[in-house]
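Residue-level structural notes
Letter by letter, the chains look like this.
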Amino acid sequence: MSKDKDAAKVAEVAAEQVGFGIDIGGSGIKGAPVHLRTGELLTKKFRLPTPAESSPDAVGAVLADVVAHFELPSIAHIGVTFPGIIKNGVSHSAANVDKRWIDTDVAAVTRRWTGHTAYVANDADAAGYAEVAYGAAKGKKGTVLVITLGTGIGSAMIHDGHLIPNFELGHLEIDGYDAETRAASSVKEEEGLSYEQWAVRLQRYFSHVEFLFSPDLFVVGGGVSKDHEKFLPLLDLKTPIVPAKLRNKAGIVGAAALAAENA
Ligand code: BGC
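The structure presented is a predicted model; accordingly, all values stated were derived computationally and were not measured.

Once that is clear, we can look at the packing of helix α2 (residues 56-69) against helix α3 (residues 106-114). The N-to-C vectors of α2 and α3 enclose an angle of 55°; their axes lie 8 Å apart at closest approach. Taken together, the axes of α2 and α3 are oblique relative to one another. Both α2 and α3 take part in a crossing whose hand is right-handed. On α3, the residues that touch P56, D57, G60, A61, L63, A64 and V67 of α2 are V109, T110, R112, W113 and T114. Among the residues making up the contact of α2 with α3, the classes are represented as 7 nonpolar, 3 polar and 2 charged.

In structure tokens, the structure reads:
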């Protein structure tokens, strides 16, 4: 769709209901305007590859290009996801990204490169928040644990609709291993595991998390969740476990919603 058509579609929605989210991932950086009432993307998302050397400045330049693709001057405050621990806009870990991000103010980098103030959230927290606000766990009371299976394992803990940030359950030590190095979907690919073989590792992971937190619902996200029929039925848990609904737009939607809430 052309920029003009995109802008026209966005203009149809009341300004206070339009947010903007950007998802910084290991392979791509993608953004889109979001309808804050429905959680729908208002236009197709725009994606650029994450630079091979993903330093703060290299990523900042891509953030600027993603924002510039959308002419949305009315949205001052944007949401950004980052795959690490985030406190007050600052990244405190970088398990699967350039180590120069540790102790970097991601919100300040975003402001410098895009001109917008930003609310920054951990990627799984944003995705989890979106699933509770608009997706597979919409309106769910009690404890919802959203686990994203991708390059690493991300997790979001939401209790009665309130996000408790930075759970980092991908780094639980289980059987002497950092859990994500055994059970992330990237490990399934790298080791050429079948779904059945991978499910054995997921079973160990999810039953341990279940024992520790007694959630009321597990939601499984990440790209591989589109193939959920191949592995979720193989898991034997007491807790209901369902695939994420928003799939690869959950980060964008959650970032926009969190930004609007924390403006
Ligand atoms: C990081 C988390 C992140 C997850 C998914 C983990 O390695 O520590 O912060 O949410 O990967 O990207």
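Turning our eyes to something else, we now look at the site of the ligand. By nearness alone, every residue bordering the ligand is listed as P83, G84, A95, N96, N122, D123, I153, G154, E168, H171 and E180. Within the side chain of N96, a nitrogen or oxygen atom sits 3.2 Å from an oxygen atom of the ligand. One of the side-chain N or O atoms of E168 is found 2.5 Å from an oxygen atom in the ligand. Its free accessible area being 310 Å², the ligand has 92% of it covered by the protein chains. Here the ligand is seated within the largest pocket.

Our next topic: the sheet that holds strand β14 (residues 241-243). Pairing within the open sheet is mixed, and its 5 strands lie in the order β10-β9-β8-β13-β14. In this open sheet, the two strands that pair with only one neighbour each are β10 (162-164) and β14. Averaged over all adjacent pairs, the angle separating strand axes in this sheet is 30°, with direction ignored. Bridge count between strand β8 (residues 143-149) and strand β9 (residues 153-159): 7 bridges; the pairing is antiparallel. For L149, the partnering residue across the bridge sits in β9 and is I153. Its contacts with the sheet place helix α7 (residues 195-213) against β8, β9, β13 (217-221) and β14, and it is angled at close to 150° to β8.

The next point concerns the pattern of salt bridges. The final tally for this structure, using the stated rule, is 9 salt bridges. Where D98 meets R100, a salt bridge forms, and the shortest distance between an N and an O atom there is 2.9 Å. For R201, the salt bridge goes to E191, with nearest N and O atoms at 2.9 Å. Pair noted here: R201 is in helix α7 and E191 is in helix α6 (residues 185-191), with a separation of 10 residues, a long-range link. You can call R201 buried: its relative accessible area is 16%. Of the residues examined, E191 reaches a relative accessible area of 44% and is grouped as partly exposed.

Another aspect to go through is the domain arrangement of the protein. By the assigned domains, the protein splits into domain 1 (3-126 + 249-261) and domain 2 (139-244). Of the roughly 790 Å² buried between domain 1 and domain 2, counting both surfaces, carbon and sulfur atoms make up 50%. A per-residue breakdown of the area domain 1 buries against domain 2 is headed by N96, A124 and D125, which together make up 60% of the total. For the pair domain 1 and domain 2, the interface holds 0 salt bridges. Here domain 1 and domain 2 share 3 residue pairs in polar contact (both at pLDDT 80 or more) between them. Counting residues per element, the ones that place at least two in the side of domain 1 that touches domain 2 are β5 (86-87) and α4 (123-134).

About the thresholds
Positions within a chain are numbered from 1, following the residues in the order the chain's sequence is written. Under the rules for a predicted model, residues below a pLDDT of 70 receive no local features and side-chain atom pairs below 80 are neither given nor counted, while totals for whole chains, interfaces and linings still include all residues. Computation of side-chain values: all heavy atoms of the structure, hydrogens and water removed. Only the stretch in contact is used when a helix axis is fitted, and all axes are lines through C-alpha atoms; the angle between N-to-C directions ranges over 0 to 180 degrees. Counting from the N terminus, the helices are DSSP H or I runs at least four residues long and the strands are E runs at least two residues long. With respect to orientation, any angle under 35 degrees is reported as roughly parallel, any angle over 145 as roughly antiparallel, any angle of 65 to 115 as roughly perpendicular, and every other angle as oblique. Here is the rule for handedness: rotate from the far helix to the near one, and if that takes an anticlockwise turn smaller than a right angle the crossing is left-handed, while a clockwise turn gives right-handed. Only heavy atoms enter the contact rule, under which two residues are in contact if any of them lie within 4.5 Å. Under the convention adopted here, Pro, Cys and the residues Ala, Val, Leu, Ile, Met, Phe, Trp and Tyr are nonpolar, Asp, Glu, Lys and Arg are charged, and Gly plus all remaining residues are polar. A molecule or strand has a residue near it when one of that residue's heavy atoms lies within 4 Å. For the purposes of these results, a polar contact is taken to be a pair of N or O atoms within 3.5 Å, where, inside protein, one atom must be able to donate a hydrogen and its partner to accept one; residues adjacent in sequence count only when each atom of the pair is a side-chain atom. Exposure was quantified through the Shrake-Rupley algorithm and a 1.4 Å probe, taking into account, for residues, occlusion by the shown protein chains and nothing else. Of the two site types, the cavity is a set of points on a 1 Å grid over the protein atoms alone where a 1.4 Å probe fits but cannot get out, and the pocket is an open set with protein on both sides within 12 Å along at least five of seven lines, each lined by residues with an atom within 4 Å of a point. Placement in a cavity or pocket follows one criterion, namely that more than half of the molecule's atoms lie within 2 Å of its grid points. Two strands are counted as paired when DSSP detects at least two bridges linking them. For this analysis, a salt bridge means a side-chain nitrogen from Lys or Arg found within 4 Å of a carboxyl oxygen belonging to Asp or Glu. Burial classes follow relative accessibility: with a 1.4 Å probe on protein chains only, a residue under 20% of its type's maximum area counts as buried, one over 50% as exposed, and anything between as partly exposed. Where each domain starts and ends follows an automatic or database-derived domain assignment. Two parts placed together each lose some accessible area; with a 1.4 Å probe, that loss summed over both constitutes the buried area.

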